[in-house]
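# An overview of the molecular structure
So you can see what is in the structure, the chains are spelled out below.
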Amino acid sequence: MPTAAEHWDAAYARGPQAVSWFQARPEVSLRLIDGLDLAPAAPVIDVGGGASPLAAALLDRGLSDLTVLDVSAAALAAARERLGPHAAEVTWMHEDLRAFAPERRYALWHDRAVLHFLTAEAERRAYADLAARAVAPGGEEHRTPGGAAQRFTWVVARRR
Ligand SMILES: C[S@@+](CC[C@H](N)C(=O)[O-])C[C@H]1O[C@@H](n2cnc3c(N)ncnc32)[C@H](O)[C@@H]1O
């Protein structure tokens, strides 16, 4: 049985554009995030961000406090490569979110297509607890449990 890191590294082995969830431009995420009117310094985390172009697009929009967390080193390497010298403007966390102990709070928690891999009830509960700890009061949690054929359900939630 491969570890989560091995599983996801293998998924990215043929390159970040060969994965089934590839999107050249994260249109829906950007539309939803644009609607949040975040301050440029608002801390944003993309959990399971992988090799997504979202971080690059948010940097372009002037957001300056970005974190991408992913269990796959291969995905993070591809994301960094895409950003070139701008990669240094992002905090990269190579870890399993199930063991993530956030040391700060985020204004925006973005999850596109990660939560739905947590199929055990205990894991989903732990995820909810984690997000509640990691999202600042008033912050937005934007997560995307995926469906078949990549027809995603998009959720924007505000923490009370
Ligand atoms: C379907 S992909 C989506 C990637 C990215 N969010 C996007 O929209 O392109 C799921 C991502 O979650 C990561 N992932 C899966 N389980 C994880 C975990 N337990 N902890 C951290 N990352 C995880 C995978 O490595 C992969 O990059």
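Residues numbered from 1 in each chain as written. Predicted model: local features only at pLDDT ≥ 70, side-chain atom pairs only at ≥ 80, totals over all residues.

### A closer look at the site of the ligand
Applied cut-off: In this text, near has one meaning. A residue is near a molecule or strand if its C-beta atom, placed using the backbone, is within 6 Å of it. The residue classification treats Ala, Val, Leu, Ile, Met, Phe, Trp, Tyr, Cys and Pro as nonpolar and Asp, Glu, Lys and Arg as charged. All others, Gly included, are polar.
Around the ligand lies a shell of 18 residues, among which Trp8, Gly48, Gly50, Ser52 and Ser72 are the nearest. Looking at the shell around the ligand, its residues break down into 9 nonpolar, 5 polar and 4 charged.

### Side note on the confidence of the model for the protein
Put simply, the rule reads: As a per-residue quantity, pLDDT reports the predictor's confidence and falls between 0 and 100. Note that contacts rest on C-beta atoms placed from the backbone: two residues are in contact if these are within 7 Å.
When pLDDT is averaged across the protein, the result is 90; 91% of the residues are at 70 or more. Predicted confidence is poor over residues 146–151, with pLDDT under 50, and the contacts of this stretch with residues over four places away or in other chains come to 7 contacts.

### Comments concerning the pairing of strand 3 (residues 90–94)
Quick note on the threshold: Paired strands, as defined in this entry, are two strands with at least two bridges between them according to DSSP. Strands are runs of DSSP state E lasting at least 2 residues, helices are runs of H or I lasting at least 4, and numbering of each runs from the N terminus. The crossover handedness rule: strands pointing away from the viewer, path from first strand over the helix to second strand clockwise, crossover right-handed.
Where strand 2 (residues 65–70) meets strand 3, 5 bridges bridge the pair, whose relative direction is parallel. Residue pairing for strand 3: Val68 is matched across the bridge by Trp92. Traced from strand 2 through helix 4 (residues 73–83) to strand 3, the parallel crossover comes out right-handed.

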